[in-house]
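Chain by chain, the residues:
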Amino acid sequence: MIEYESLANSNQQFMRELETAATNVIRSGWYVLGHEVTEFEKEFATWVGTRHCIGVANGLDALILSIEALMLPKGSEILVASNTYIATILAIIRAGHKPVLVEPDAETFNIDPLQITASITSATRAICVTHLFGKACRMDDICAIANEYGLKLIEDCAQSHGAKLSGRMTGTFGDAGCFSFYPTKNLGAIGDAGAVVTDNDEIADRLRHLRNYGSKQKYINKYVGVNSRLDEMQAALLRVKLRHLDEMTEHKRNLARVYFKNLPDWMALPHQKEDEYDVFHIFGVRYQERDRLKSWLLEQGVKTEIHYPIPPHRQEAMQGILQGDYPIADKLHETELSLPISVGHTIEDVQLVTNIIKQFKI
Ligand SMILES: *Cc1c(COP(=O)(O)O)cnc(C)c1O
């Protein structure tokens, strides 16, 4: 059986280092917002190439708090991709604003800059882009639009640790870049964790307050904040894995190369472009009879996933919030299939998957 992903497998190669880091935290007697968090924030900011990094409890909070830190008038319209993971949309709602869905480019899965321009109204205040599956959005075009219309720009980098456009890292284009370190992400903790990166001193300062009851100095409360702190244990474990992140990304890109070289041409492969450095959080192919292919692969011993089975506008939670038709999102959700591509998989695993797929009767 080839698993879609075994997290124990993925973390196996770092086990000794992780165990040492965990032991050190337990022995230190300091467990929330301390030395490990401060050091991780410095190291992650350096790795991304921003002035600030603020650790938070998870990726959703990174998004909610960053949007709050923009201090937009309540009820502002914020543009977001119709096929993003629902967290991006939930964050806009939780921060008190109105999500306006914009259809993606059908080839890249990422928000379509032309559709962004068409969706701007007098109430639009920000764009929240998701670099889906580990591919950077066309930030060249999107930054130009944001500048032209005076819109704020938030990047959802939960799937794009290390992804680049023209050599520039995702998370460095907008007012803030929001990361999740959920265990399955390209940089995954051993539990929940998240962070925001930014070059903006004011946003960084607000976030440092907001994540800790609105307080940066003990018992002095400046904002109506929340408890969304990054704990020492996760920060220490993330520091270990951050040291190996570039190798892990290279490994995933090597697995992707095997897929690109060997997969049959009856399925649509991920879009690739010269100036885009993709990190393949997900290797999403498309095929019109996706469900038949998925169950056949399972019979052959290959587990796959769907990202995602139901588009946001068709979720019960979004009734009365998201209106309209989103045919491109619908189509992508009906045809997408995610193939195994984790750091726990070997080149041979992926070769085996491609050999099996070639035997599928289309
Ligand atoms: C995982 C994910 C999130 C949420 O991150 P959590 O840490 O699970 O809260 C947000 N956006 C996208 C695109 C994601 O994939």
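Details of the structure are given in the entry above.
Everything quoted here is computed from the prediction, not taken from an experiment. (Residues numbered from 1 in each chain as written. Predicted model: local features only at pLDDT ≥ 70, side-chain atom pairs only at ≥ 80, totals over all residues. Heavy atoms only, no water.)

Peer 1: Describe the sheet that holds strand S10 (residues 276–277), naming the residues involved and giving the relevant values.
Peer 2: Spatial strand order, S7-S6-S10: 3 strands in an open sheet with antiparallel pairing. Edge strands, defined here as strands with exactly one partner in the open sheet, are strand S7 (168–169) and S10. Pairing analysis gives 2 bridges linking strand S6 (residues 164–165) to S10, with the strands arranged antiparallel. Residue pairing across strands places Lys164 opposite Tyr277, the latter belonging to S10. (Pairing = 2+ DSSP bridges. Helix = DSSP H or I, 4+ residues; strand = E, 2+ residues; numbered from the N terminus.)

Peer 1: Tell me about the sheet that holds strand S5 (residues 152–156), and name the residues and values.
Peer 2: Backbone hydrogen bonds are what pair the strands of a sheet, in a parallel or an antiparallel way. Strand order across the open sheet formed by 7 strands is S1-S9-S8-S5-S4-S2-S3, with mixed pairing between neighbours. Whereas interior strands pair on both sides, the edge strands pair on one side only; in this sheet they are strand S1 (52–56) and strand S3 (98–102). When strand polarity is set aside, the average angle formed by the axes of neighbouring strands in this sheet is 25 degrees. Here strand S2 (residues 77–81) pairs with strand S4 (residues 124–130) via 4 bridges, running parallel. Residue pairing for S4: Leu79 is matched across the bridge by Ile127. Across the sheet, helix H3 (residues 35–48) is in contact with S1, strand S8 (176–180) and strand S9 (194–198); its angle to S1 comes to roughly 130 degrees. (Axes fitted to C-alpha atoms, helices over the stretch in contact; angles between N-to-C directions. Contact = heavy atoms within 4.5 Å.)

Peer 1: Can you break down the pattern of salt bridges residue by residue, with the values?
Peer 2: Scanning the model with the defined rule gives 21 salt bridges in all. A salt bridge links Asp275 to Arg138; the shortest N-O distance between them is 2.9 Å. Of this pair, Asp275 sits in the loop between helix H10 (245–262) and S10 while Arg138 sits in the loop between S4 and helix H7 (139–149), placing them 137 residues apart in sequence. What makes Asp275 partly exposed here is its relative accessible area of 27%. When the shortest N-O distance is used, the salt bridge between Arg206 and Glu202 registers 3.0 Å. Separated by 4 residues within a single helix, Arg206 and Glu202 lie in helix H8 (residues 201–210), roughly one turn from each other. One salt-bridge network, held together by shared partners, links Lys135, Arg138, Asp140, Asp275, Glu276 and Asp278. (Salt bridge = Lys/Arg side-chain N within 4 Å of Asp/Glu carboxyl O. Buried < 20%, exposed > 50% of the residue type's maximum accessible area, 1.4 Å probe, protein only.)

Peer 1: Outline the site of the ligand, listing residues and values.
Peer 2: In the vicinity of the ligand, the contacting residues are Asn58, Gly59, Leu60, Leu63, Tyr85, Ala87, Thr130, Asp156, Ala158, Gln159, Ser180 and Lys185. Interatomic distance of 2.8 Å between a backbone N/O atom of Gly59 and an oxygen atom of the ligand. A distance of 2.6 Å is found between an oxygen atom of the ligand and a side-chain nitrogen or oxygen belonging to Lys185. Protein burial of the ligand: of its 380 Å² of free accessible surface, 89% is covered by the chains. When atom positions are compared with the pocket grids, the ligand is found to occupy the largest pocket. (Near = heavy atom within 4 Å. Polar contact = N/O pair within 3.5 Å; in protein donor to acceptor, adjacent residues only side chain to side chain. Areas by Shrake-Rupley, 256 points an atom, 1.4 Å probe, with all protein chains shown as cover. 1 Å grid on protein atoms, 1.4 Å probe; cavity = no way out; pocket = protein on both sides within 12 Å on 5 of 7 lines; lining within 4 Å. Sits in = over half its atoms within 2 Å of the grid points.)

Peer 1: Break down the packing of H3 against helix H9 (residues 232–242) for me, with residues and values.
Peer 2: When two helices pack together, their arrangement is captured by the angle between the axes and the distance separating the axes. For the pair H3 and H9, interaxial distance at closest approach is 8 Å and the crossing angle is 35 degrees. Crossing angle aside, the handedness with which H3 passes H9 is left-handed. Contacts between H3 and H9 involve His35, Glu36, Val37, Glu39, Phe40, Glu43, Phe44 and Trp47 from the former and Glu232, Ala235, Ala236, Leu238, Arg239 and Leu242 from the latter. Taken together, the residues that form the contact of H3 with H9 break down as 8 nonpolar, 1 polar and 5 charged. (Left-handed = near helix turned anticlockwise from the far one by under 90°. Nonpolar A, V, L, I, M, F, W, Y, C, P; charged D, E, K, R; others polar.)

Peer 1: Describe the layout of surface pockets, naming the residues involved and giving the relevant values.
Peer 2: Here the largest pocket defines a volume of roughly 700 Å³. Lining the largest pocket we find 34 residues, and of these Tyr85, Tyr182, Thr184, Lys185 and His281 sit closest to its centre. When contributions to the lining of the largest pocket are tallied by element, the ones reaching two or more residues are helix H4 (59–69), helix H5 (86–94) and S8. When the residues that make up the lining of the largest pocket are grouped by side-chain class, the tally is 17 nonpolar, 11 polar and 6 charged. Each of domain 1 (7–102 + 110–242) and domain 2 (245–357) gives at least three residues to the lining of the largest pocket. (Points joined across faces, edges and corners; volume = space filled by probe spheres on them. Domains from an automatic or database assignment.)

Peer 1: Which residues make up the nonpolar core, and what values go with them?
Peer 2: Ranked by size, the top nonpolar core spans 32 residues in total, and within it Ile67, Ile78, Ile154 and Leu207 carry the most contacts. Mapped onto this core, the elements with two or more residues apiece are S1, H4, S2, H5, S4, S8 and H8. A total of 6 residues in this core trace back to one element, the largest contributor, which is H4. Beyond its immediate chain neighbours, meaning those up to four positions away, Ile67 contacts Ile78, Ala91, Ile92, Ala95, His97 and Ile154. (Core = buried A, V, L, I, M, F, W, Y, C linked by side-chain atoms within 4.5 Å.)

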